[in-house]
Amino acid sequence: MKNVVLKNRLMTLALLMILHSSLFTLHSSAQVRFGYLSYSEVLQSMPDYAKVKSDVAKLQGQFEGEMKRAEEEFNKKYEEFLEGQHEFAVSIRNKRQSELQELMEKNMAFKQEARRLLKNAEADAMKPLHEKLKAVLAKVGQQQGLAFVLNTDGDALPYVDPAQGEDVTEIVKRELSK
């Protein structure tokens, strides 16, 4: 009786191992389809991209204009200081030097703040484009039966076997233009 139970258990175990091995082979032989595209090329082809870039450039121009005005103001005050420094009393010269130092520090702080604000403004303006592109990539990936879509920008994907992957750049561009 013990031998029969042991034989049944061994046969069940062997059958399970064969079944597991067969499933693993089937699973590993299934080909995974993937897509690839140049994310930046597609992003730049979007209709709203040019407007976003134009708006950011306009804001950058405003910041640069203000920085130039502040720099000119500093240069004018510095030249006035240099011209009159020999005639100023020590306390006046020290006061003007402090004013120039303070003005220079404020200008540097404004430049840093302007860079930060400009970077944030660009990120905020581009966010809807990235979200739209992400949604279209998901849609195209599902429609084409792709497991994933790779970005080829920056030589991140130096080789793709076209028999195993699909360039979805044009498909995504068409979807975005709808």
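For the structure itself, look to the data block above.
Because the structure is predicted, anything quoted here is derived from the model rather than measured.

A. Geometry of the side chain of serine 38. With respect to the helices, strands and loops of the structure, serine 38 is situated in the loop between β1 (34-37) and α2 (39-45). Residue serine 38 is classed as buried on the basis of its relative accessible area, which comes to 13%. At 2.6 Å, the side chain of serine 38 forms a polar contact with the side chain of aspartate 153. Apart from residues no more than four positions distant in its own chain, serine 38 is found in contact with Asn151, Thr152, Asp153 and Thr169.

B. Broad picture of the nonpolar core. In this structure, Leu43, Met46, Leu129, Leu133, Val168, Val172 and Leu176 are the most contacted members of the largest nonpolar core, which totals 22 residues. For this core, the secondary-structure elements that each account for two or more residues are α2, α3 (49-84), α4 (90-143) and α5 (169-177). In terms of residues, this core owes the most to one element, α4, which gives eight residues. With sequence-adjacent residues up to four places away left out, valine 168 is seen in contact with Gly35, Tyr36, Leu37, Val140, Leu146 and Val149.

Rules behind the numbers
Residues numbered from 1 in each chain as written. Predicted model: local features only at pLDDT ≥ 70, side-chain atom pairs only at ≥ 80, totals over all residues. Heavy atoms only, no water. Helix = DSSP H or I, 4+ residues; strand = E, 2+ residues; numbered from the N terminus. Buried < 20%, exposed > 50% of the residue type's maximum accessible area, 1.4 Å probe, protein only. Polar contact = N/O pair within 3.5 Å; in protein donor to acceptor, adjacent residues only side chain to side chain. Contact = heavy atoms within 4.5 Å. Core = buried A, V, L, I, M, F, W, Y, C linked by side-chain atoms within 4.5 Å.

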